[in-house]
There are 2 protein chains.
Amino acid sequence: MPGPDIAAQLDAAERLCTKNGTQLTTLRRVVLDLVLRSTAPLTAYQLLDQLKSTRKSAVPPTIYRALDFLIENHLVHRIERLNAFIPCDADHEHADAQFLICHQCGTVTELEDHGVSDALAAAAAARGFTPSRAMVELDGLCATCAPPDTAPPPAHR
Amino acid sequence: MPGPDIAAQLDAAERLCTKNGTQLTTLRRVVLDLVLRSTAPLTAYQLLDQLKSTRKSAVPPTIYRALDFLIENHLVHRIERLNAFIPCDADHEHADAQFLICHQCGTVTELEDHGVSDALAAAAAARGFTPSRAMVELDGLCATCAPPDTAPPPAHR
DNA sequence: ATGCGTATGATATAATATAGAAAGCGTCAT
DNA sequence: ATGACGCTTTCTATATTATATCATACGCAT
Ligand SMILES: [Zn+2]
Ligand SMILES: [Zn+2]
Ligand SMILES: [Zn+2]
Ligand SMILES: [Zn+2]
């Protein structure tokens, strides 16, 4: 299961950048493609290694600049806990996201949970704090990896 | 304002470790002291530089091991966004904490907000995810640094 | 043609973090 | 007491992650 049509996602990214007045250049597109193809988060240097096979001039600043661009354009997220990068899972404007990191299988799930973001906004406001960016990452075990006793399958309702 | 009695905090830390069956050795105590004295978060290498003045043998593993110990014993927190460390602000058992990072003045405030932790627990449970550790860090402006229009002083009630 | 903004290339280095082997040092059972 | 054990520290080396800086190229507007 290579994921739902990477070409389509790249094209959507292209349109998003055009809309934003930014350029999804070939280099950036290649890096995004690498991120999209991976099931697990990739570090900057893992991406760099892969990039080098098609672009011999690639060095650390190459990949970090491309990633910065992709992050600013909400095409990629950085997972701080892992120093690694994953594709954005949503088409959205990204008010806020949260990440669930399974330390068994390594997968990272992106959420946009309003209960969480509302609670964060309230907690910040109550202290006069003006948030500009929220970083919310939970380490744990995903539904697949958790022992059944510990974590029943997703609750309904 | 050097903070409320560092000696007392060190003694409290000592008691906590004894209770936990761990040892707050001289080295660890010195590192904790350094962390406690700072108003701003300190990086591992900033701490190392300071430590070197009294312990010539100190090298990176020295400080990282001491920090690992202090973190496991809930005496220090690591702020992932900053790769830096702050003293734990609470005596508690630390179910969960959140951090507000002011990017103007650099201060980091520790919260234990149940609205946030409940929302996180609910969001995780709804997806069958079993969290073992939550990392919640908000970048923004603290009450002191925020322009008055943008962020009114802390709400009452 | 000149200047300007943006993107990329290229070199070097900074900053952060860990691996692994060995030595010191209590303590405790034999 | 002594030797085995566990924990802490020392020491050396290296791995990993990230940025600074300057140069080059290209498209486009003056
Ligand atoms: Zn996203
Ligand atoms: Zn899993
Ligand atoms: Zn704390
Ligand atoms: Zn501030």
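Given the structure is predicted, the values throughout are model-derived calculations rather than measurements. Residue numbers here run from 1 along each chain, matching the order of that chain's written sequence. Naming scheme: in the order in which they are written, chains are lettered from A and ligands are numbered from 1. Residue-level local features of this predicted model are given only where pLDDT is at least 70; pairs of side-chain atoms are given and counted only at 80 or more, and the full residue set underlies all totals for whole chains, interfaces and linings. Think of the side-chain values as coming from all heavy atoms in the structure, minus any hydrogens and water.

Caption draft 1: Seen up close, the sheet that holds strand β2 (residues 76–79) of chain A. Residue and element names in this part refer to chain A. For two strands to be treated as a pair, DSSP must find no fewer than two bridges joining them. The helix and strand labels rest on DSSP assignments: H or I over at least four residues marks a helix, E over at least two residues marks a strand, and numbering proceeds from the N terminus. If you trace the 3 strands from one edge of the open sheet to the other, you get β1-β3-β2, paired in antiparallel fashion. Either end of the sheet is taken by a strand with one partner, and the two such strands are β1 (42–43) and β2. Residues count as neighbours in contact if any of their non-hydrogen atoms are within 4.5 Å of one another. With axes taken as lines fitted to C-alpha atoms, and helix axes fitted only over the stretch in contact, angles between N-to-C directions fall between 0 and 180 degrees. Across the face of the sheet, helix α4 (residues 60–72) comes into contact with β2 and β3 (84–87) while running at roughly 110° to β2.

Caption draft 2: Fine view of the interface of chain A and chain B. On the chain B side, the residues contacting the 39 residues of chain A number 39 residues. Counting each side, the surface lost to burial between chain A and chain B is near 3200 Å², with a carbon and sulfur contribution of 64%. For D113 of chain A, the salt bridge is made with R127 of chain B, and the minimal N-O distance between the two is 3.4 Å. Polar contacts, as counted here, are pairs of nitrogen or oxygen atoms within 3.5 Å of one another; within protein the pair requires one atom able to donate a hydrogen and one able to accept it, and residues that are adjacent in sequence qualify only if both atoms are side-chain atoms. Counting across the interface, chain A meets chain B through 12 residue pairs in polar contact (both at pLDDT 80 or more). Of all the secondary-structure elements, those providing two or more residues to the side of chain A that touches chain B are β4 (98–102), α5 (114–126) and β6 (130–141) of chain A. At 12 residues, the largest contribution of residues to the side of chain A that touches chain B is made by β6 of chain A. Of the residues assigned to the side of chain A that touches chain B, the class counts are 25 nonpolar, 7 polar and 7 charged. Where β6 of chain A meets strand β6 (residues 130–141) of chain B, 11 bridges bridge the pair, whose relative direction is antiparallel. Among the inter-strand pairings, D139 of chain A is bridged to a residue of β6 of chain B, identified as R133 of chain B. Buried area counts how much accessible surface, traced with a 1.4 Å probe, disappears from two parts once they are put together, with both parts' losses summed. Note on definitions: salt bridges are taken to be side-chain nitrogens of Lys or Arg within 4 Å of carboxyl oxygens of Asp or Glu. Put simply, Ala, Val, Leu, Ile, Met, Phe, Trp, Tyr, Cys and Pro go in the nonpolar bin, Asp, Glu, Lys and Arg in the charged bin, and everything else, Gly too, in the polar bin.

Caption draft 3: The sheet that holds strand β1 (residues 42–43) of chain B, seen in detail. Residue and element names in this part refer to chain B. Overall, antiparallel pairing links the 3 strands, which are arranged β1-β3-β2 in an open sheet. Across the chains shown, the open sheet's two edge strands, defined by having one partner strand only, are β1 and β2 (76–79). Strand direction decides the pairing type here: β1 and strand β3 (residues 84–87), joined by 2 bridges, are antiparallel. Of the residues in β3, the one forming a bridge with L42 is F85. Across the sheet, helix α2 (residues 26–37) is in contact with β1, β2 and β3; its angle to β3 comes to roughly 90°.

Caption draft 4: Layout of the relation of the copies chain A and chain B. Of the two same-sequence chains, chain A is brought onto chain B (RMSD 0.0 Å, axial shift 0.0 Å) by a rotation of 180°. Look at the turn and shift together and you get a two-fold axis relating the two. Nearest to the rotation axis, the C-alpha of V136 of chain A is located 2.3 Å from it, this being the minimum over chain A. Interface overlap between copies is the fraction of interface residues in one copy that are interface residues in the other; for chain A against chain B it reaches 100%, indicating a shared surface. For this overlay, a least-squares fit was computed on C-alpha atoms, restricted to residues scoring pLDDT of at least 70 in both copies.

Caption draft 5: Expanded view of the pairing of β6 of chain B. Two strands pair when backbone bridges link them, and strand β4 (residues 98–102) of chain B and β6 of chain B are joined in this way by 4 bridges, in the parallel orientation. Residue pairing across strands places F99 of chain B opposite E137 of chain B, the latter belonging to β6 of chain B.

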